[in-house]
Amino acid sequence: AGREEGPCICQGGRMGMLMIGYARAFFEVMGNRKLSPEQLAQHKSRRLREVLISAYKHVPYYRRLMNSIGYNPEIDFRGPGDLFHFPVTTKADLKRNDLKSFIKAGVDLARCFSDSTSGSTGIPLTVYRDHYERAIQISKMLRTFFINGYSIHDKVLTVASPARLKNGQSFLRHFGILRWQPINYLLPPGKMVDILLEYKPVVLHGNRSHLDNIALELLRRNIQYKKLKLIVVTAEIIHKHTRRLYKEAFGLEPIETYGSTEVGIIAYETPERNGLKLCDDFFIFEFLDHENKPVAPGEAGRVVVTYLYGKIMPLIRYDQGDLICYQEMPGQDGMRITKVIGRDDDLAVLPDGSTRPFHDFYEIMDQYQQINQFRVVQKTMNLFEILIAAKSSYFDACKKEILDQLHRSFPANCSFKLTRVDSIEPDPSGKLRMLISEVAPLPPR
């Protein structure tokens, strides 16, 4: 899973033009829901052809790739079946090559939105999109909310990374619509709950681990916050105990979403709660085994997507790094994900009984671009060993600075051991848990 956007509606001198773009993106996304199966197939074929032609003309990596297999989409395009001529692309491929070779030539990246993945496969990655592609991503996310009962007048509290705080609010909130209030996910759970109780939202949105902490803090205070009509959870797997915890703290169960920083929402739970509905108007999906052969419904397979709305940094047959199980649904509902087998990080339990998610470490490590991978292992309540995959010279140069930041961010009785490694092997699911706690877990939830 991945981090999702909040509905930032732009500010500044270009507001008018940008608002038109956001409105156009929103109506396009909502209109896709009305497509018949025949119209959907035509829509996907048309979008795929546009993406392939743009990649062939303007993106060095894909131009070389298509030339190597003797394929010119302007002449040879026949439909989605053409994709089987392409190799699967992984995050490792993107990291191994010059990132600029995956980006549309001539684009001013300073005018694009950039975002970094959390590195749950062990390989952090920066992705770029233009204003309209960003608007599409946000509109996809809003569609998920609307389908599950959200109203534009609802007050939303969204738990966001520090980098997203300035983009989390819309000027439209002054008119009583799109009232989204972002809060820093590095805040202690007690402070988050104080803001929740003061702001009184009816919708809560964020990474599961942070919402877990809010729920646990409410129960610690013997409070049930039952003003919510909707909880939308991103980034991590929802377990049965998660649903029980939220039912106890908030009076309702969460809506699960699956997505990534690279492409946004991929699938989402609906009020029927019969699996996660795929956003098949935005992707061509493949579910493959280790030999890149399709798996049958019910079998675990890798999620490989071709994103139909990305031209700045196209992702064609892109391996998400997750294993899922899916099933066919009757009628027009297509396929639904029934199980996501992905990253599920532990919470660190500190000596004072408070808990910390992996994001508290990620926000520090993300500043160091030449750290290829990292993993935090909590050995005791006081001691954390952090494995860092980086060159020796780079590790030596930034080690003290990292330690200083960790000591400023954690209680004084916490200590940290930094160990350089060449690489960190992913878990069997293909993900790489960034925080593993060897301390006794929290009481059952």
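K.L.:
Requested: an account of the overall build of the protein chain, with residues and values cited.
P.N.:
Within the protein chain one finds 11 helices and 19 strands. In the protein chain, the share of contacts with a sequence separation of at least 24, taken over all contacts with a separation of at least 6, comes to 68%. Per element, the accessible surface of the protein chain, about 19100 Å² overall, is 53% carbon and sulfur.

K.L.:
So, the side chain of aspartate 82: which residues are in play, and what are the values?
P.N.:
With respect to the element layout, aspartate 82 can be found in the loop between helix 4 (73-76) and helix 5 (91-96). One buried charge, aspartate 82, has no salt-bridge partner; the nearest side chain with opposite charge is arginine 78, at 6.3 Å. Looking at aspartate 82, its side chain comes within polar contact range of the side chain of tyrosine 71, at 2.7 Å. Not counting the four nearest positions on each side in its chain, aspartate 82 is found in contact with Tyr71, Asp76 and Phe77.

K.L.:
Describe the packing of aromatic side chains, and please don't skip the residues or the numbers.
P.N.:
Per the counting criterion, the structure on display carries 21 aromatic pairs. A centroid spacing of 5.5 Å and a plane angle of 50 degrees characterise the contact between phenylalanine 361 and phenylalanine 384, whose relative ring orientation is tilted. Note that phenylalanine 361 is positioned in helix 10 (residues 359-365) and phenylalanine 384 in strand 17 (residues 383-389), a separation of 23 residues in sequence. Classification of phenylalanine 361 as buried rests on a relative accessible area of 0%. Among the aromatic residues, those joined into a cluster by ring pairs are Phe26, Phe27, Phe145, Phe146, Tyr150 and Trp180. Geometry around tyrosine 199 places lysine 155 over its ring, the cationic atom sitting 4.3 Å from the centre.

K.L.:
Please provide a residue-by-residue account of the sheet that holds strand 11 (residues 301-307), values included.
P.N.:
The sheet built from 11 strands is open, its strands ordered 4-3-5-6-7-8-9-13-12-11-10 with mixed pairing. Strands at the two margins of the open sheet, each flanked by one partner only, are strand 4 (179-184) and strand 10 (283-288). Between one strand axis and the next, the sheet turns by 35 degrees as a mean value, whatever way the strands run. For strand 3 (residues 155-160) and strand 5 (residues 203-207), the ladder comprises 3 bridges, and the chain directions are parallel. Across the sheet, the residue bridging to valine 156 is valine 203, located in strand 5. Strands in contact with helix 8 (residues 208-220) are strand 3, strand 5 and strand 6 (230-234); relative to strand 5, the strand with the most contacts, it is inclined by about 125 degrees.

K.L.:
Kindly report on the pattern of salt bridges, identifying the contributing residues and their values.
P.N.:
For the coordinates displayed, the defined rule picks out 23 salt bridges. The salt bridge partner of aspartate 154 is lysine 229, with a shortest N-O separation of 3.0 Å. Linking aspartate 154 in the loop between helix 6 (131-147) and strand 3 with lysine 229 in the loop between helix 8 and strand 6, this pair joins segments that are 75 residues apart in sequence. The class for lysine 229 is partly exposed, based on a relative accessible area of 40%.

K.L.:
I'd like a description of the packing of helix 7 (residues 189-199) against helix 8, backed by residues and values.
P.N.:
Packed helix pairs are characterised by how far apart their axes lie and by the angle those axes make with each other. Running from N to C, helix 7 and helix 8 point in directions that differ by 80 degrees, and their axes come no closer than 9 Å. For the element pair helix 7 / helix 8, the angle class is roughly perpendicular. Contact residues: Pro189, Gly190, Met192, Val193, Leu196 and Leu197 in helix 7; His210, Asn213, Ile214, Glu217 and Leu218 in helix 8. Residue composition of the contact of helix 7 with helix 8, grouped by class: 7 nonpolar, 3 polar and 1 charged.

K.L.:
Can you tell me about the nonpolar core, naming the residues and giving the values?
P.N.:
Across soluble globular proteins, nonpolar side chains show a tendency to be buried alongside one another. Counting 68 residues, the largest nonpolar core has Leu52, Tyr62, Tyr150 and Phe283 as its most contacted members. Leucine 52 has contacts with Met66, Tyr71, Pro73, Phe77, Leu83, Phe86 and Ile316, leaving out every residue within four places of it along the chain.

K.L.:
Any details on helix 2 (residues 37-58)? Residues and values, ideally.
P.N.:
With 22 residues, helix 2 extends 31 Å from end C-alpha to end C-alpha; this agrees with the ideal 32 Å at 1.5 Å per step. Of all the positions in helix 2, only Leu40, His43, Lys44, Arg47, Leu48, Val51, Leu52, Ile53, Ser54, Ala55 and Tyr56 are classed as buried.

K.L.:
Can you tell me about the packing of helix 8 against helix 9 (residues 240-250), naming the residues and giving the values?
P.N.:
Where helix 8 contacts helix 9, the axes come no closer than 9 Å and their chain directions differ by 45 degrees. Between helix 8 and helix 9, the interaxial angle falls into the category oblique. Considering only the axes of helix 8 and helix 9, their crossing is left-handed. Residue-level contacts link Arg208, Leu211, Asp212, Ile214, Ala215, Leu216, Leu218 and Leu219 of helix 8 to Thr242, Leu245, Tyr246, Glu248, Ala249 and Phe250 of helix 9. When grouped by side-chain class, the residues that make up the contact of helix 8 with helix 9 number 10 nonpolar, 1 polar and 3 charged.

K.L.:
Describe the environment of asparagine 148, with residues and values.
P.N.:
Relative to the elements of secondary structure, asparagine 148 occurs in the loop between helix 6 and strand 3. Look at asparagine 148 and you get buried, because its relative accessible area is 10%. The sequence separation of asparagine 148 and glutamate 272 amounts to 124 residues, and the corresponding C-alpha distance is 9.6 Å. At 2.9 Å, the side chain of asparagine 148 and the backbone oxygen of threonine 144 are in polar contact.

K.L.:
Tell me about the sheet that holds strand 17, and name the residues and values.
P.N.:
On the basis of which strands lie adjacent, the open sheet formed by 4 strands has the order 18-17-16-19 and mixed pairing. For this open sheet the edge positions go to strand 18 (415-421) and strand 19 (435-437), each flanked by a neighbour on one side alone. Adjacent strand axes in the sheet meet at a mean angle of 20 degrees, parallel and antiparallel pairs treated alike. Relative to the sheet, helix 11 (residues 392-409) contacts strand 17 and strand 18, its axis offset from that of strand 18 by approximately 160 degrees.

K.L.:
Outline helix 6, supporting the account with residue identities and numerical values.
P.N.:
For helix 6, with 17 residues, the first-to-last C-alpha span of 24 Å sits near the 24 Å given by 1.5 Å per residue. Taking burial as the measure, the 17 residues of helix 6 include 14 buried ones, the bulk of the element. For helix 6, the capping residue at the N-terminal end is aspartate 130, with a side-chain oxygen 3.2 Å from the backbone nitrogen of tyrosine 132. Glycine 149, located one to two residues past helix 6, shows a positive phi value of around 105 degrees.

K.L.:
Pulling in residues and values, what's your account of the pairing of strand 11?
P.N.:
Counted residue by residue, strand 11 has 7 buried out of 7 residues, so it is predominantly covered. Two elements, strand 10 and strand 11, share 6 bridges in a ladder whose sense is antiparallel. Within strand 11, the residue paired with phenylalanine 285 across the bridge is valine 305. Bridge count for strand 11 against strand 12 (residues 318-328) is 4 bridges, and the pairing is antiparallel. Counted as the bridge partner of arginine 302 is leucine 323 from strand 12.

Each value, and the rule that gives it
Residues numbered from 1 in each chain as written. Predicted model: local features only at pLDDT ≥ 70, side-chain atom pairs only at ≥ 80, totals over all residues. Heavy atoms only, no water. Helix = DSSP H or I, 4+ residues; strand = E, 2+ residues; numbered from the N terminus. Contact = heavy atoms within 4.5 Å. Areas by Shrake-Rupley, 256 points an atom, 1.4 Å probe, with all protein chains shown as cover. Buried < 20%, exposed > 50% of the residue type's maximum accessible area, 1.4 Å probe, protein only. Lys, Arg positive; Asp, Glu negative; His and termini not counted. Salt bridge = Lys/Arg side-chain N within 4 Å of Asp/Glu carboxyl O. Polar contact = N/O pair within 3.5 Å; in protein donor to acceptor, adjacent residues only side chain to side chain. Phe/Tyr/Trp six-rings, centres within 6.5 Å; stacked < 30°, edge-to-face > 60°. Lys NZ or Arg CZ within 6 Å of the ring centre and 35° of its normal. Pairing = 2+ DSSP bridges. Axes fitted to C-alpha atoms, helices over the stretch in contact; angles between N-to-C directions. Parallel < 35°, antiparallel > 145°, perpendicular 65-115°, else oblique. Nonpolar A, V, L, I, M, F, W, Y, C, P; charged D, E, K, R; others polar. Core = buried A, V, L, I, M, F, W, Y, C linked by side-chain atoms within 4.5 Å. Expected span 1.5 Å × (residues − 1). Left-handed = near helix turned anticlockwise from the far one by under 90°.

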